[in-house]
Amino acid sequence: MSTTVKPSGSWRFRTRRLRSLAVASTAAALALGLAACSGGPASTNAVEGGSGGNSIETTLAFTLSSGFDPANASSAVATAVNQHIFEGLVDLDPVTREPYRALAKEDPVASADGLTYTVAVRDGAKFSDGTPVTAEDVAWSFERVLKPADPKAPPLMQGFVSFIDSVTAKNATTAEFKLKYPFALFVERISVVKVVPKVKTVDAAASKAFDTSPIGSGPFKMDSASKESGIKLSKNPNYSGPRPAKVDTMTWNTTSEASARVSDLQGGRVQAIESVPYLNVDSLKDKYTVEAKQAFNQVFLMFNSSAAPFNDKRVRQALHYAIDKDAVIKTALNGYGSPATSYLDEGNKDYQKATTVYDHNLDKAKALLKEAGVTTLSFQLDTTDNSVVKDVAPLVIEQWKKIGVNASLNTVPSSAIYGDIVPKDTFRVLMATGDPSVFGVDTDLLMRWFYYGETWPGQRYRWNATDRKTMADLLDKAAQTPDEGARKALWKQALDMAAEEVALYPILHTKVVTAYDPAKLTGFSGAATTGLYFLGVSRKG
């Protein structure tokens, strides 16, 4: 077949309790100033100086491509902002990934059968507008995710909490959770739903306004977001939780241009930057603290698996076998990454090596194409404008030529990829980055992001119904399995299936490199995820 395709410090929960995605956010049509954030030129917003001990300035590596409503926020910028302005009952420390009580007054209390949990809201909790946080707000925040007004457009977070049947307010300060089945990861998983004021999100119109003008109970509040001034945050005067703001204001610049981020740091305009260019690591070490952390963050290939010839997994596998991942990591990442040997990165506590590992093997790649009846193959490789992807993609295209595959490169912002290109029938192959570990690091959550529900497997890579059901059944069965060993065995089956099918699968996992000025920040540490986090961080100098 000849085929041409056109275009508070960390608080640990008791061990006993730790044992015991559906619609994606396409680029939101953000009103007024926020609209300008979803794209724009690759240059930082101008920040001059700062206000010393009262202010933090930083530059992020992504532009804003979703709103801030935490039920649906998915962009790297929005999720990082939300960690500062919203709270869950329980939150995960963005650096250590350990759970700690945020809005919860005490540990969640489980019934004997594990099907009911009660959680009390901490005393004196208020939203940034001064209104009290009630159990009704807690119940509403979960119910709007579990049972949205439009069932055909479920919120992004719904897939992560499908084990919850209902949430109600027992009284003004205590919420009650009814579960469909005992879920061993309940305590840490409820962190994905941030509590919002019911009155501000009670209907579609209110929620739309809230998406651009969010109000939370976290240590900071968002004052503005625009192309000209970046994200402006200030201390929430009504915050009463365990991690109060230690500066009065923050300004977050956004740019996908690596050199601009380095210039911002070296010029003294900011005190921290994320996604340090790998070639700049050594030159920055003399003056700044540079932290490199192995991350789940992956560069992946995604195929339209309903369109020939990519509906044949042998073709998908061939393209993976043809990639010399070690060479790509050495050249494009300067060694700051690792070849994917599983969907999970090797630093994950639940890592299990997949049965199928795509070592560099040109002969096998050619043989698989021959078995699939593909003699010539040309297609458009769509990619996001992420700086790592822009460095990796040309190398991969050159390597594919060694097995007779030709790909043309089309690079556009993420908002255009998922809002325009991927939904079209002409879409064939995507290279992009993905990091659901911003929401949590357990296998169930990470697998559900890409392999469960409608958004990714159904609408994006068009996985066939049989494979989707098989994967969903594995994940659901694992979620209902109380024994840790048995649960891990089911996860292994799911990980092996993802590796064998490669409808969406990583090429490599990156290391996340952050740089900051230790003479100007106290208490800061880089995270092994996208985003920068300043909970408990002070400014000096």
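Before reading further, recall that the structure is shown in the block above.
The rules behind the values
- Residues numbered from 1 in each chain as written.
- Predicted model: local features only at pLDDT ≥ 70, side-chain atom pairs only at ≥ 80, totals over all residues.
- Heavy atoms only, no water.
- Helix = DSSP H or I, 4+ residues; strand = E, 2+ residues; numbered from the N terminus.
- Buried < 20%, exposed > 50% of the residue type's maximum accessible area, 1.4 Å probe, protein only.
- Pairing = 2+ DSSP bridges.
- Contact = heavy atoms within 4.5 Å.
- Axes fitted to C-alpha atoms, helices over the stretch in contact; angles between N-to-C directions.
- Polar contact = N/O pair within 3.5 Å; in protein donor to acceptor, adjacent residues only side chain to side chain.
- Left-handed = near helix turned anticlockwise from the far one by under 90°.
- Phe/Tyr/Trp six-rings, centres within 6.5 Å; stacked < 30°, edge-to-face > 60°.
- Lys NZ or Arg CZ within 6 Å of the ring centre and 35° of its normal.
- Arc of directions from axis to C-beta.

Undergrad: Can you break down the overall build of the protein residue by residue, with the values?
TA: A count of helical and extended segments in the protein gives 16 helices and 20 strands. Across the 541 residues that make up the protein, the buried fraction comes to 59%.

Undergrad: Now, about the sheet that holds strand β8 (residues 174-179): what can you tell me, with residues and values included?
TA: Each strand in a sheet pairs with another by means of backbone hydrogen bonds, the pair being arranged parallel or else antiparallel. Ordered by their spatial adjacency, four strands build an open sheet running β5-β6-β8-β7, and the pairing between neighbours is antiparallel. One side of each edge strand has no neighbouring strand; the edge strands of this open sheet are β5 (109-110) and β7 (164-169). Inspection of the sheet shows β7 paired to β8 by five bridges, in the antiparallel sense. The residue of β8 that forms the bridge with Ser 166 is Lys 178. Lying over the sheet, helix α3 (residues 135-146) contacts β7 and β8, oriented at roughly 155° with respect to β7.

Undergrad: Which residues make up the side chain of Ser 55, and what values go with them?
TA: Mapped onto the fold, Ser 55 is located in strand β2 (residues 55-60). Accessibility expressed as a relative area gives 3% for Ser 55, which makes it buried. Polar contacts involving the side chain of Ser 55 include one to the side chain of Glu 57, which spans 2.3 Å. A polar side-chain atom of Ser 55 sits 3.4 Å from a polar atom in the side chain of Thr 249.

Undergrad: Hey, could you go over the packing of helix α9 (residues 325-332) against helix α11 (residues 387-400) for me, with residue numbers and the actual values?
TA: At a closest axis distance of 10 Å, the pairing of α9 and α11 adopts a crossing angle of 145°. In this structure, the crossing between α9 and α11 has a hand that is right-handed. Counted together, Ala 327, Val 328, Thr 331 and Ala 332 of α9 and Asp 391, Val 392, Leu 395, Val 396 and Gln 399 of α11 form the full contact between these two elements.

Undergrad: Explain unusual backbone geometry to me, using residue names and the numbers behind them.
TA: In terms of backbone geometry, most residues other than glycine have negative phi values and most peptide bonds are trans. Across the junction of Ala 308 and Pro 309, the peptide omega takes the value 0°, indicating a cis bond. Within the element layout of this structure, Pro 309 appears in the loop between β13 (289-303) and α8 (313-321). Non-glycine residue Asn 334 carries a positive phi angle of around 55°. Its location among the elements puts Asn 334 in the loop between α9 and β14 (337-339). Although it is not a glycine, Val 502 sits at a positive phi angle of roughly 40°. Within the secondary structure, Val 502 sits in the loop between α16 (484-501) and β18 (504-516).

Undergrad: Explain the packing of aromatic side chains residue by residue, including any values.
TA: Within this structure, the stated rule accounts for 28 aromatic pairs. Centre to centre, the rings of Tyr 451 and Trp 463 are 6.2 Å apart; their planes meet at 55°, and the pair counts as tilted. With Tyr 451 in helix α13 (residues 443-451) and Trp 463 in the loop between α14 (455-460) and α15 (465-479), this residue pair connects regions lying 12 residues apart in the sequence. Assessed through its relative accessible area of 3%, Tyr 451 is described here as buried. Ring pairing ties together the aromatic residues Phe 160, Phe 296, Phe 300, Tyr 343, Tyr 418, Phe 439, Trp 449, Phe 450, Tyr 451, Trp 456, Tyr 461 and Trp 463, which thus form one cluster. The ring of Tyr 452 carries Arg 448 above its face, with NZ or CZ at 4.3 Å from the centroid. Above the plane of the ring of Trp 456 lies Arg 460, whose end atom (NZ or CZ) is 4.4 Å from the centre.

Undergrad: Describe helix α10 (residues 362-371), and please don't skip the residues or the numbers.
TA: Here α10 has its buried residues at Ala 365, Leu 368 and Leu 369. Looking down the long axis of α10, one finds its buried residues gathered within 100° of arc, a one-sided arrangement. For α10, exposure combined with an orientation more than 90 degrees from the buried face picks out Asp 363, Lys 370 and Glu 371. Where α10 is buried, its residues meet α8 and β16 (405-411). One or two steps after α10, the chain reaches Gly 373, where phi turns positive at roughly 80°.

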